[in-house]
Amino acid sequence: MSTAVVSADDALEPSLQSILDQKSLRWIFVGGKGGVGKTTTSCSLAIQLAKVRRSVLLISTDPAHNLSDAFSQKFGKDARLIDGYTNLSAMEIDPNGSIQDLLAGQGGGDDGSPGGDGPAGGMGGMMQDLAFAIPGIDEAMSFAEVLKQVKSLSYEVIVFDTAPTGHTLRFLQFPSVLEKALAKVSQLSSQYGPLLNGFLGSSGQLPNGQNLNDMMAKLEELRATISEVNAQFKDENLTTFVCVCIAEFLSLYETERMIQELASYSIDTHCIVVNQLLFPKEGSNCEQCGARRKMQKKYLDQIEELYDEFNVVRMPLLVEEVRGRDRLEKFSEMLIHPFVPPQ
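Residues numbered from 1 in each chain as written. Predicted model: local features only at pLDDT ≥ 70, side-chain atom pairs only at ≥ 80, totals over all residues. Heavy atoms only, no water.

Undergrad: What's the story with unusual backbone geometry in this structure? I'm lost.
TA: The phi dihedral of S266 is positive, around 65°, even though this residue is not glycine. Among the secondary structure elements, S266 is positioned in the loop between α9 (249–264) and β7 (271–277). Unusually for a residue other than glycine, Q276 sits at a positive phi of about 60°. Following the sequence through the fold, Q276 ends up in strand β7. Look at Q276 and you get partly exposed, because its relative accessible area is 30%. (Helix = DSSP H or I, 4+ residues; strand = E, 2+ residues; numbered from the N terminus. Buried < 20%, exposed > 50% of the residue type's maximum accessible area, 1.4 Å probe, protein only.)

Right under this line is the structure:
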């Protein structure tokens, strides 16, 4: 009985070139355990995408907001061009934003004006009471605000620099959670709307001055947006997730958990970036370097065995921080052209 062996020719490329080649991709999530280099990887991937796409938006949904530090440039909740680029923009959004602000329409308009037309569009106290009855609605509504802004900006591809794993997985569940919740609200409004209108009279005004029909129309619009995005997230032609890890047990464990959960959400993932790898020079007498490289090799071998159908990218630990455009540009090249250790 012969054993199947993957030849070097059949092995998947150890690079993210496949993501650059897939012109249909619109949503790219970059995530993993805290401290594994997600921000550096997402910034670098966005830089490479900007070379082959018309317009790229890089969004941080991590409350730590490291994009400003990475590019040495201040970003906020409105998209802003990154210095030195004509088609690469960035924005930082807190997915734990106050639901009261969002429901009161304080989430900020597309033009950066205060208030704007938040995802729930100034629905007042009644909607707050309803919203808080839905588990996870706070982050979900904030996610809806992100999507609303992104849709209005019409970028060709959007890269998400996500929060650590657990938060990210909840984040990706929200389109489904919110779609179901809003469908229920829509159903209730159909059933009880006429009754409520009877109480409210011909004006249709709620006690807080809101119009019930307007409020329900905005909810329905939001539900349609969420439904559309939810379908896009589950389409491998439009969405993929890049897992970032380091060659250590806890990171490998977290990556496996994340890949399993992504599969349960029907979200495509086929690329893994392994950061902070040591490549000691031959003849090096550094005892710690040798011991750590031996440990890393063990976990790297496990990663390549477990994920033989993934593009596994090996990135070196550098002697300097990867901050600023020049260093990010150099780092980004190694995502596409595999790093060759010095002899």
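Undergrad: Is there a simple way to think about the nonpolar core in this case?
TA: Counting residues in hydrophobic clusters, the biggest one holds 38 residues, and the most contacted among them are L16, I19, I28, L45, L49 and F71. Top element by residues in this core is helix α2 (residues 38–50). It accounts for six residues. Look past the residues within four positions of L45 in its chain and what remains in contact with it is L16, I19, L20, I28, V30, V242 and L335. M91, Y155, C243 and C245 belong to the second largest nonpolar core, which has 30 residues in total. (Core = buried A, V, L, I, M, F, W, Y, C linked by side-chain atoms within 4.5 Å. Contact = heavy atoms within 4.5 Å.)

Undergrad: Can you walk me through α2 in this structure?
TA: At 3.6 residues per turn, the α-helix brings residues three or four places apart onto the same side. Counted at 1.5 Å a residue, the expected span for α2 with its 13 residues is 18 Å, and the 18 Å between its end C-alpha atoms agrees. Judged by how many residues are buried, α2 sits mostly within the fold: twelve of 13 residues are covered. Every buried residue of α2 is accounted for by K38, T39, T41, S42, C43, S44, L45, A46, I47, Q48, L49 and A50. (Expected span 1.5 Å × (residues − 1).)

Undergrad: Can you walk me through the side chain of Q48 in this structure?
TA: Structurally, the position occupied by Q48 is in helix α2. Residues contacting Q48, with those up to four places away along its chain left out, are L20, S332, E333 and I336.

Undergrad: Sorry if this is basic, but what is going on with the packing of aromatic side chains here?
TA: Aromatic rings considered in pairs are described by the distance between their centres and by the relative angle of their planes. Applying the stated criterion across every chain, the model contains nine aromatic pairs. Centroid distance W27 to F233: 5.3 Å. Interplanar angle 80°. Geometry classified as edge-to-face. Residue W27 is located in strand β1 (residues 27–31), and its partner F233 is located in helix α8 (residues 212–233); the two are separated by 206 residues in the primary sequence. Here the two residues W27 and F233 agree in accessibility, since each one is buried. Here the aromatic rings of F29 and F241 are separated by 6.3 Å at their centres, their planes lie at 10°, and the arrangement is stacked. With a gap of 212 residues between them, F29 in strand β1 and F241 in strand β6 (residues 239–246) connect regions that are remote in the sequence. Since its relative accessible area comes to 0%, F241 is described here as buried. Joined through ring pairs, the aromatic side chains of W27, F29, F160, F233 and F241 make up one cluster. Geometry around Y85 places R325 over its ring, the cationic atom sitting 4.6 Å from the centre. (Phe/Tyr/Trp six-rings, centres within 6.5 Å; stacked < 30°, edge-to-face > 60°. Lys NZ or Arg CZ within 6 Å of the ring centre and 35° of its normal.)

Undergrad: How do you make sense of the side chain of R26 when you look at a structure like this?
TA: When you line up the elements, R26 lands in the loop between α1 (17–21) and β1. Residue classification places R26 among the buried residues on the basis of a relative accessible area of 18%. A polar contact is formed between the side chain of R26 and the backbone oxygen of Y155, at a distance of 2.4 Å. (Polar contact = N/O pair within 3.5 Å; in protein donor to acceptor, adjacent residues only side chain to side chain.)

Undergrad: Is there a simple way to think about the state of the cysteines in this case?
TA: Two cysteines joined by a covalent bond between their sulfur atoms form a disulfide. Applying the stated criterion to the full structure yields one disulfide. For the unlinked cysteine C245, the closest cysteine sulfur is that of C243, found at 7.9 Å. Overall, C245 belongs to the buried group, its relative accessible area being 1%. With no disulfide partner, C271 has as its closest neighbouring cysteine sulfur the one in C243, 8.9 Å distant. By relative accessible area, C271 is classed as buried at 1%. (Disulfide = S-S within 2.5 Å.)

Undergrad: Sorry if this is basic, but what is going on with the sheet that holds strand β4 (residues 88–92) here?
TA: For sheets, the rule is that strands pair by backbone hydrogen bonds, running either parallel or antiparallel. Within the open sheet, the eight strands sit side by side as β3-β4-β2-β5-β1-β6-β7-β8. Their pairing is mixed. In this open sheet, the two strands that pair with only one neighbour each are β3 (80–81) and β8 (311–316). The pairing of β7 with β8 spans five bridges and is parallel. Note that in β8 the partner of V274 across the bridge is R314. Seen against the sheet, helix α10 (residues 287–306) touches β6, β7 and β8 and runs at an angle of roughly 175° to β7. (Pairing = 2+ DSSP bridges. Axes fitted to C-alpha atoms, helices over the stretch in contact; angles between N-to-C directions.)

Undergrad: Can you walk me through the pairing of β6 in this structure?
TA: Successive side chains on a regular strand alternate, one facing one side of the sheet and the next facing the other. The element β6 is extensively covered by neighbouring structure, given that eight of its eight residues are classed as buried. What you see with β6 is no split at all: T239, F241, C243 and C245 on one side and T240, V242, V244 and I246 on the other are buried throughout. Sheet topology note: the β1/β6 ladder contains five bridges and is parallel. Bridge pairing in β6 links I28 to T240.

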